[in-house]
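Summary of the model geometry
For reference, the chains in residue letters:
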Amino acid sequence: MEELRQQALKRFERLWEIEGSKLLRADITPSSMKEGEIYPVDYCISTIARLIQQPRGAEIVCGIRNALSNLFDTADTQFIYPDESLHVSLLGCTQRENTNVFERDQIHRIKHICIQEIEKKEPAEISLKGIGIVGNQIFIQGFPQNRNWEELRASLGERLVNAGESPILYADKSPVHMNIIRIVDAASNRLSSLYKVISQLRDVELGTIKLQTVEFVITDFCVTKKNVVWIDKMECR
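Glancing now at the packing of helix H1 (residues 2-24) against helix H6 (residues 188-200). Contact pair H1 / H6: the axes reach a minimum separation of 8 Å and the direction vectors enclose 145 degrees. Where H1 approaches H6, its residues Trp16, Gly20, Leu23 and Leu24 are matched on the opposing element by Leu191, Leu194, Tyr195, Ile198 and Ser199. In the contact of H1 with H6, the residues fall into 7 nonpolar, 2 polar and no charged.

Set out below in structure tokens:
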């Protein structure tokens, strides 16, 4: 849908104008790390679509690694998301907490709602194109080919609110992106090198992914393998 593509394009261009200039000025607050992890760690009950779980997902991940090899080489002192953590978020079903322990009844209640909403929707198709940045997060830009993800976010959020939950909601449900690097080393020479490489990758084509499999998890922000509690898997129809 051309309207959706243009909407996403304008949003990403606007973001790059603002956030890219911060990168160029070395005006970046890096994430903290402790024992190889982004710190502090917080958790929420969430629904995510990991790339490796999608049709042709492993092939697309391999293509991303190859196409962005120069970026990953330049970011060798940063936190780079491993393959199993690359994901598109659907909805954070709770607010973030400093513990991964949630009440069993709450988990079951949210899971039941997620199953009902997700399994009646068709998969979303997302074109992955171009690299962007917001704050200290470098991401792949997502261009929705239909409104399925946006509509699923809206319906799932509404159902959760009506059930008394407090999901992480945004006014605009349409943006799609996939974090790939988090800046932890904000040395000015490192940031200027990143700016140069990202500038060359603003239009890089990285394939189209069908978001069909959604995982229901308790997870930290980065979907760090050791910090994720895998609960269930749901399929869009």
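Attention shifts here to helix H4 (residues 104-118). Taking 1.5 Å of rise per residue, the 15 residues of H4 would be expected to cover 21 Å, and the 21 Å separating its terminal C-alpha atoms lies within 8% of that figure. Regarding H4, the residues found buried are Gln106, Ile107, Ile110, Ile113, Cys114, Glu117 and Ile118. Across the axial projection of H4, the buried residues extend over an arc of 135 degrees, all falling on one side. What points out from H4, more than 90 degrees from its buried face, is the exposed set Arg104 and Asp105.

Turning our attention to the pattern of salt bridges. Two side chains carrying opposite charge are able to pair once their charged atoms lie near each other. On inspection of all chains with the given rule, the structure shows 20 salt bridges. Taking the shortest distance from any N to any O, the salt bridge between aspartate 172 and arginine 11 comes out at 3.3 Å. Of this pair, aspartate 172 sits in the loop between helix H5 (148-162) and strand S8 (176-182) while arginine 11 sits in helix H1, and the two are 161 residues apart along the sequence. Under the relative-accessibility criterion, aspartate 172 is labelled partly exposed at 36%. For arginine 11, a relative accessible area of 17% translates into the label buried. The salt bridge partner of glutamate 117 is arginine 159, with a shortest N-O separation of 2.9 Å. Of the two residues, glutamate 117 is situated in helix H4 and arginine 159 in helix H5; the sequence distance between them amounts to 42 residues. Using a relative accessible area of 29% as the deciding quantity, one classes arginine 159 as partly exposed. Among the charged side chains, a network of salt bridges with common partners joins Glu3, Arg147 and Glu150.

Parameters and conventions
- Residues numbered from 1 in each chain as written.
- Predicted model: local features only at pLDDT ≥ 70, side-chain atom pairs only at ≥ 80, totals over all residues.
- Heavy atoms only, no water.
- Axes fitted to C-alpha atoms, helices over the stretch in contact; angles between N-to-C directions.
- Helix = DSSP H or I, 4+ residues; strand = E, 2+ residues; numbered from the N terminus.
- Contact = heavy atoms within 4.5 Å.
- Nonpolar A, V, L, I, M, F, W, Y, C, P; charged D, E, K, R; others polar.
- Expected span 1.5 Å × (residues − 1).
- Buried < 20%, exposed > 50% of the residue type's maximum accessible area, 1.4 Å probe, protein only.
- Arc of directions from axis to C-beta.
- Salt bridge = Lys/Arg side-chain N within 4 Å of Asp/Glu carboxyl O.

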